[in-house]
Amino acid sequence: MKRRTLLAAATLAPLLGGCGFALRRPQPLPFERLALVGFAPRSPVAEAIRRTLPESVTVVDAPQQAQVVLEALREQRERGVVASTSFGQVRDLQVRVRFGYRLSTRAGKPLLPPTELLLFRDMSYSEDIALAKELEQDELFRDMENDIAQQVLRRLQAVREI
């Protein structure tokens, strides 16, 4: 059985290469040096953006050294009650991450207008397992911050004129 699978894979591999099939690659960024400005120290969104940037892009400290400056205008974690019981106990929560930014050259020429991203997730809540729900909330915040970093990266890839 294993031999048949190996034989089938060996037969089909050249056919896929001949038809022009190739794995999708990320778009290259049109710049090599980026400065992150306006972020709080140890900002989770800034860390997520650093992790998502390709190796060809260097994050520099000073905007004068960068080709492009990503300025954080707003970075906020929020939590709100969505539903409660008749006794006033919280039943459902909504966690939100709000991130506003703009992209410009080091000379100040705007490349992207001020943009705000808002992601939110609903979660159930129970006083009995409050610690577990805190951990779930932190995980949701981390996932949303990673999503924001991916969205920012896609928008950076769309910039054409520097």
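To be clear, the structure that these remarks concern was listed above.
Predicted model, so just to flag it, every value in this text is computed and none were measured.

> An account of unusual backbone geometry is requested, with residue identities and associated values reported.
Despite not being glycine, R42 has its phi angle at roughly 60°, a positive value. On the accessibility criterion, R42 (79% relative accessible area) is exposed.

> Summarise the pairing of strand β1 (residues 33–37); cite the residues concerned and give the values.
Note: β1 against strand β2 (residues 58–60), three bridges, orientation parallel. The residue bridging R33 from the neighbouring strand is T58, located in β2. Traced from β1 through helix α2 (residues 44–52) to β2, the parallel crossover comes out right-handed. Direction of pairing for β1 relative to strand β3 (residues 68–84): parallel, over a ladder of four bridges. Across the sheet, V37 pairs through a bridge with E71, a residue of β3.

> Describe the pattern of salt bridges, listing the residues and the values that go with them.
Counted by the stated rule, this structure contains eleven salt bridges. With a shortest N-O distance of 3.0 Å, E71 and R102 are connected by a salt bridge. Of the two residues, E71 sits in strand β3 while R102 sits in strand β4 (residues 90–105), which places them 31 residues apart along the sequence. In this structure R102 comes out as partly exposed when scored by relative accessible area, which is 32%. Close ionic contact of E116 with R98 constitutes a salt bridge, the shortest N to O distance being 3.2 Å. Residue E116 is found in strand β5 (residues 110–124), and its partner R98 is found in strand β4; the two are separated by 18 residues along the sequence.

> Explain the nonpolar core residue by residue, including any values.
Residues F39, I49, L70, F99 and V152 are the most contacted members of the largest nonpolar core, which totals 35 residues. Every element with two or more residues in this core is listed here: β1, α2, β3, β4, β5 and α3 (130–158). With eight residues, the top contributor of residues to this core is α3. Once residues lying within four places of it in the same chain are set aside, the contact partners of I49 are L36, F39, L70, F99, A149 and V152.

> Describe α3, naming the residues involved and giving the relevant values.
Relative to the 42 Å expected for 29 residues at 1.5 Å per residue, α3 spans 42 Å between its end C-alpha atoms, a close match to the ideal helical length. Regarding α3, the residues found buried are K133, Q137, L140, F141, M144, E145, I148, A149, V152, L153, L156 and Q157. The inward-facing, buried residues of α3 contact α2, β3, β4 and β5.

> Which residues make up the side chain of E78, and what values go with them?
Within the secondary structure, E78 is located in strand β3. A distance of 3.0 Å separates the side chain of E78 from the side chain of R98, its partner in a polar contact.

> So what about α2? Which residues, and what values?
For α2, the full list of buried residues reads V45, A46, A48 and I49. Down the axis of α2, the smallest arc covering the buried residues is 160°, so these residues share one side. Where α2 is buried, its residues meet β1, β3, β4 and α3.

Parameters and conventions
Residues numbered from 1 in each chain as written. Predicted model: local features only at pLDDT ≥ 70, side-chain atom pairs only at ≥ 80, totals over all residues. Heavy atoms only, no water. Buried < 20%, exposed > 50% of the residue type's maximum accessible area, 1.4 Å probe, protein only. Pairing = 2+ DSSP bridges. Helix = DSSP H or I, 4+ residues; strand = E, 2+ residues; numbered from the N terminus. Right-handed = clockwise from strand over helix to strand, strands pointing away. Salt bridge = Lys/Arg side-chain N within 4 Å of Asp/Glu carboxyl O. Core = buried A, V, L, I, M, F, W, Y, C linked by side-chain atoms within 4.5 Å. Contact = heavy atoms within 4.5 Å. Expected span 1.5 Å × (residues − 1). Polar contact = N/O pair within 3.5 Å; in protein donor to acceptor, adjacent residues only side chain to side chain. Arc of directions from axis to C-beta.

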